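Take a look at the letters that make up each chain.
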Amino acid sequence: MTLAYIPSPSTGVIHLGPIPLRGYAFCIIIGVFVAVWLGNKRWIARGGKPGTVADIAVWAVPFGLVGGRLYHVITDYQLYFGEGRDWVDAFKIWEGGLGIWGAIALGAVGAWIGCRLRGIPLPAWADALAPGIAIAQAFGRWGNWFNQELYGRATDLPWALKISEGPNRVAGTYHPTFLYESLWCLGVAALVIWADRRFRLGHGRAFALYVAAYCLGRGWIEYMRVDEAHHIFGVRLNVWTAIVVFIAAVVYFVLSAKLRPGREEVVEPDTSAAPGDAAAADKPEAGEAGAKADAKPDLTKAAPADGKGAEGAAKADLTKAGGSANGADKS
């Protein structure tokens, strides 16, 4: 008998008149806002401009949502295609089903487009956003709680999750894998923030650390889940994905540290002034020197001309006076 457990909500949606308010969607939206807010603070601390993170997120978030849904539908196609299935359900994202692997992959494509338009390096932007993404995942996992999905094996632990009877699920108490992953993601965010401050990670290494640390946790949490999934050599597909992505992240981290040590000095170009104006503003004395240089040749040219003219006139007058005097003496 389970003496204590985590209850599940009786419904994942509240209707405000004709408008459905879904807990899953709220968790995703809150996570995105927190990620952008924290990413903006970190970007400014690195020397970037306010608002740049949000501008690029306009590209990254839609791409990420599409990528996350595509990964889920492709890897769990049996839920949407085949006998007794309605393929239209593949578009019902509010019912749950976002694969973080696809979200990060296609979201990176959107972020790359945004970074190209702003003329900034994608790795620097990813470093600034890395802990925020982990926190966004921590919020997003609570959407699974609202939908009563992605829980683990049966257990009678005091923190067990109580699941009610429903489609594709049996009533009982199970490991709250959504909670495990949520707490793990918060720990990953704290790790990245600490390591970034301690070692001044740059050139995408803070993001690589986030990816590697997340994969470590996702591996053992995924292994606990009991929902339907494809297996390769007896191991869930997402576990294999976590292993491959973890290795790729570690390799990138090591190679990047050797090839591009340190952190970017400039993460965002200053386009507020024209190059000539910026140079003059940075070195006002250069402008003054130029003005003096322009004025000096005129004065140099004018002085000899005026001097010679005056001396010539004076000599001419003296010569005439001398001539007159000598003539008077002779007469």
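Each value, and the rule that gives it
Residues numbered from 1 in each chain as written. Predicted model: local features only at pLDDT ≥ 70, side-chain atom pairs only at ≥ 80, totals over all residues. Heavy atoms only, no water. Helix = DSSP H or I, 4+ residues; strand = E, 2+ residues; numbered from the N terminus. Buried < 20%, exposed > 50% of the residue type's maximum accessible area, 1.4 Å probe, protein only. Contact = heavy atoms within 4.5 Å. Areas by Shrake-Rupley, 256 points an atom, 1.4 Å probe, with all protein chains shown as cover. Axes fitted to C-alpha atoms, helices over the stretch in contact; angles between N-to-C directions. Parallel < 35°, antiparallel > 145°, perpendicular 65-115°, else oblique. Left-handed = near helix turned anticlockwise from the far one by under 90°. Nonpolar A, V, L, I, M, F, W, Y, C, P; charged D, E, K, R; others polar. Expected span 1.5 Å × (residues − 1). Core = buried A, V, L, I, M, F, W, Y, C linked by side-chain atoms within 4.5 Å. Pairing = 2+ DSSP bridges. Salt bridge = Lys/Arg side-chain N within 4 Å of Asp/Glu carboxyl O. Phe/Tyr/Trp six-rings, centres within 6.5 Å; stacked < 30°, edge-to-face > 60°. Patch = residues over 30% accessible without salt bridge, like charges linked within 9 Å, V, L, I, M, F, W, Y side chains within 5 Å. pLDDT = per-residue confidence, 0-100.

*Asks:* Run through the overall build of the protein chain, naming residues and quoting values.
*Replies:* What the protein chain contains, in helices and strands, is 10 helices and six strands. In the protein chain, which comprises 331 residues, the share counted as buried stands at 37%. In the protein chain, the proportion of contacts linking residues at least 24 apart, taken out of those at least 6 apart, comes to 72%. Carbon and sulfur atoms provide 68% of the accessible area of the protein chain, an area that totals close to 19,400 Å².

*Asks:* An account of the packing of helix H1 (residues 23-45) against helix H4 (residues 122-140) is needed here, citing residue identities and associated values.
*Replies:* Helix-helix packing is described using two parameters, namely the angle between the two axes and the distance between the axes. The interhelical angle for the contact between H1 and H4, taken along N-to-C directions, is 150 degrees, at an axis separation of 8 Å. Classified by the angle their axes make, H1 and H4 are roughly antiparallel. As for how H1 packs across H4, the hand of that crossing is right-handed. Residue-level contacts link Cys-27, Ile-28, Ile-30, Gly-31, Val-32, Val-34, Ala-35, Leu-38, Gly-39, Arg-42 and Trp-43 of H1 to Ala-124, Trp-125, Asp-127, Ala-128, Leu-129, Pro-131, Gly-132, Ile-133, Ile-135, Ala-136, Phe-139 and Gly-140 of H4. Residue classes in the contact of H1 with H4 are distributed as 17 nonpolar, four polar and two charged.

*Asks:* Go over H1 with me, naming the residues and quoting the values.
*Replies:* Helix length check: H1 (23 residues) gives 33 Å between terminal C-alpha atoms against 33 Å at 1.5 Å per residue, within 8%. Regarding H1, the residues found buried are Gly-23, Tyr-24, Cys-27, Gly-31, Ala-35, Leu-38, Gly-39, Arg-42 and Trp-43. Tucked inside the fold, the buried residues of H1 contact strand E2 (19-22), helix H2 (52-75), H4, helix H5 (142-147) and helix H6 (177-199). Gly-47 occupies a position one or two residues after H1 and carries a positive phi of about 105 degrees.

*Asks:* Describe the nonpolar core, and please don't skip the residues or the numbers.
*Replies:* Counting residues in each nonpolar core, the largest one holds 37 residues, and the members touching the most others are Trp-43, Trp-101, Trp-125, Val-192 and Tyr-210. Elements supplying a minimum of two residues to this core: H1, H2, helix H3 (100-118), H4, H6, helix H7 (205-224) and helix H8 (237-259). Per element, the largest residue contribution to this core is nine residues, and it comes from H4. In contact with Trp-101, not counting residues within four places along its chain, are Tyr-71, Tyr-214, Cys-215, Arg-218, Asn-238, Thr-241, Ala-242 and Val-245. Listed in part, the seven residues of the second largest apolar core include Tyr-151, Leu-161, Tyr-174 and Phe-178.

*Asks:* How would you explain the pairing of E2 if you had to name every residue and give the values?
*Replies:* The side chains of a regular strand alternate, residue by residue, between the two faces of the sheet. As paired strands, strand E1 (residues 13-16) and E2 are joined by four bridges and run antiparallel to one another. Among the inter-strand pairings, Val-13 is bridged to a residue of E2, identified as Arg-22. Between E1 and E2, which pair antiparallel one after the other, the connecting turn spans two residues, and Gly-17 there sits at a positive phi close to 70 degrees.

*Asks:* Lay out the packing of H1 against H2 with the relevant residues and their values.
*Replies:* Between H1 and H2, the least distance of the axes is 10 Å, while the angle of their chain directions is 145 degrees. The chirality of how H1 crosses H2 is right-handed. Taking contact as the criterion, the partners of Ile-28, Val-32, Val-36, Gly-39, Asn-40 and Trp-43 in H1 are, on H2, Thr-52, Val-53, Ala-54, Ala-57, Val-61 and Leu-65. Across the contact of H1 with H2, the residue classes tally to nine nonpolar, three polar and no charged.

*Asks:* Go over H8, please, and point to the residues and values.
*Replies:* Compared with an ideal rise of 1.5 Å per residue, which puts 23 residues at 33 Å, H8 spans 33 Å between its outermost C-alpha atoms and is within 8% of the ideal. Taken together, the buried positions of H8 are occupied by Asn-238, Val-239, Thr-241, Ala-242, Ala-249 and Ser-256. Contact partners of the buried residues in H8: H2, H3, H7 and strand E6 (235-236).

*Asks:* Pulling in residues and values, what's your account of the pattern of salt bridges?
*Replies:* Tallied over the full model, the rule gives 14 salt bridges. Between Asp-196 and Arg-42 there is a salt bridge whose closest N-O contact spans 2.8 Å. You can see Asp-196 sitting in helix H6 and its partner Arg-42 sitting in helix H1, a full 154 residues away along the chain. Accessibility assignment for this pair places Asp-196 and Arg-42 in one class, buried. Ionic pairing is found between Arg-225 and Glu-222, a salt bridge with its closest N-O pair at 3.1 Å. Taken individually, Arg-225 and Glu-222 each receive the classification buried, so the pair is uniform in this respect. Among the charged side chains, a salt-bridge network with shared partners connects Arg-42, Arg-46, Asp-127, Asp-196, Arg-263 and Glu-264.

*Asks:* So what's going on with the packing of aromatic side chains? Which residues, and what values?
*Replies:* Here the distance between the centres and the angle between the planes together describe a pair of aromatic rings. Tallied over the full model, the rule gives 10 aromatic pairs. One aromatic cluster is present, formed by Trp-142, Trp-145, Phe-146 and Phe-178 through successive ring pairs.

*Asks:* Tell me what's going on with a nonpolar patch on the surface, and back it up with residues and numbers.
*Replies:* A cluster of nonpolar side chains, contributed by Ile-232, Phe-233, Trp-240, Ile-243, Ile-247, Val-251, Leu-255 and Leu-259, occupies part of the molecular surface with about 830 Å² of accessible area. Here the nonpolar patch gets six residues from one element, more than from any other, and that element is H8. Here Ile-243 falls in the partly exposed class, since its relative accessible area comes to 39%.

*Asks:* Give me the lowdown on the confidence of the model for the protein chain, citing residues and values where you can.
*Replies:* Keep in mind that low pLDDT regions are not for reading the predicted coordinates in detail. Per-residue confidence for the protein chain gives a mean pLDDT of 84, with 81% of residues at or over 70. Here residues 273-331 scores under 50 on pLDDT; set against residues more than four positions off or in separate chains, the count is two contacts.

*Asks:* How would you sum up unusual backbone geometry? Please name residues and give values.
*Replies:* Although it is not a glycine, Gln-148 adopts a positive phi angle of roughly 55 degrees. Locating Gln-148 in the fold gives a position in the loop between H5 and strand E3 (161-163). For Gln-148, a relative accessible area of 8% gives the class buried. Residue Phe-233 is not a glycine yet carries a positive backbone phi of 55 degrees.

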